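# Working through the structure, step by step
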Amino acid sequence: MTADRKQEARKKFLLGGIIVKAGLSKADRAFLLGGLLEMARVAVGSPEHRRLREIGEKAFKAPSLNGEVARAEEMAEWH
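Residues numbered from 1 in each chain as written. Predicted model: local features only at pLDDT ≥ 70, side-chain atom pairs only at ≥ 80, totals over all residues. Heavy atoms only, no water.

### Remarks on a nonpolar patch on the surface
On the surface, Leu 33, Leu 36, Leu 37, Met 39 and Leu 52 cluster together into a nonpolar patch covering about 450 Å² of accessible area. Counting residues per element, the nonpolar patch draws most heavily on helix H2 (residues 29–40), which supplies four residues. As for its placement among the helices and strands, Met 39 is situated in helix H2. (Patch = residues over 30% accessible without salt bridge, like charges linked within 9 Å, V, L, I, M, F, W, Y side chains within 5 Å. Areas by Shrake-Rupley, 256 points an atom, 1.4 Å probe, with all protein chains shown as cover. Salt bridge = Lys/Arg side-chain N within 4 Å of Asp/Glu carboxyl O. Helix = DSSP H or I, 4+ residues; strand = E, 2+ residues; numbered from the N terminus.)

### Comments concerning the pattern of salt bridges
In the structure shown here, the tally under the stated rule is four salt bridges. A salt bridge links Glu 38 to Arg 41; the nearest nitrogen and oxygen atoms lie 2.9 Å apart. On the basis of relative accessible area, Glu 38 is assigned to the partly exposed category, the value being 45%. With a shortest N-O distance of 2.0 Å, Arg 53 and Glu 57 are connected by a salt bridge. On the criterion of helical spacing, the pair formed by Arg 53 and Glu 57 is a turn pair, its members being four residues apart in helix H3 (residues 47–61). (Buried < 20%, exposed > 50% of the residue type's maximum accessible area, 1.4 Å probe, protein only.)

### So, H2
The terminal C-alpha atoms of H2, which comprises 12 residues, lie 16 Å apart, in line with the 16 Å expected from a rise of 1.5 Å per residue. At the N-terminal boundary of H2, the capping side chain belongs to Asp 28, with an oxygen 2.8 Å from the backbone nitrogen of Ala 30. (Expected span 1.5 Å × (residues − 1). Polar contact = N/O pair within 3.5 Å; in protein donor to acceptor, adjacent residues only side chain to side chain.)

### Section: the confidence of the model for the protein
Summarising the model, the protein shows a mean pLDDT of 85, and 80% of its residues fall at 70 or more. Per-element confidence in the protein ranges from a low mean pLDDT of 54 for helix H4 (residues 72–75) to a high of 97 for H2. (pLDDT = per-residue confidence, 0-100.)

### What about the side chain of Ser 46?
Tracing the chain through its elements places Ser 46 in the loop between H2 and H3. In this structure the side chain of Ser 46 is engaged in a polar contact, spanning 2.7 Å, whose partner is the backbone oxygen of Ala 43.

### Examining helix H1 (residues 3–21)
With 19 residues, H1 should reach 27 Å at 1.5 Å per residue; the first-to-last C-alpha distance of 27 Å fits that figure. Where H1 terminates, the next one or two residues include Gly 23, which has phi positive at roughly 80 degrees.

Following this line, the structure appears as structure tokens:
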């Protein structure tokens, strides 16, 4: 495997981990893509962008009670 392919595989793995961390691993692919496309429309630096980024930062830092990462239901309480 070339270095470029390894880098691409790692990138996909990390992005997949974000889906799992958000509690969306069983979500419909079209739903996920639709949500991502909506997020792509949010202007960097806008209030909505800052709000979503803050939620994400908290999610990366916050373990749940059982030691796993916070799920989407827990994150809903943060905003």
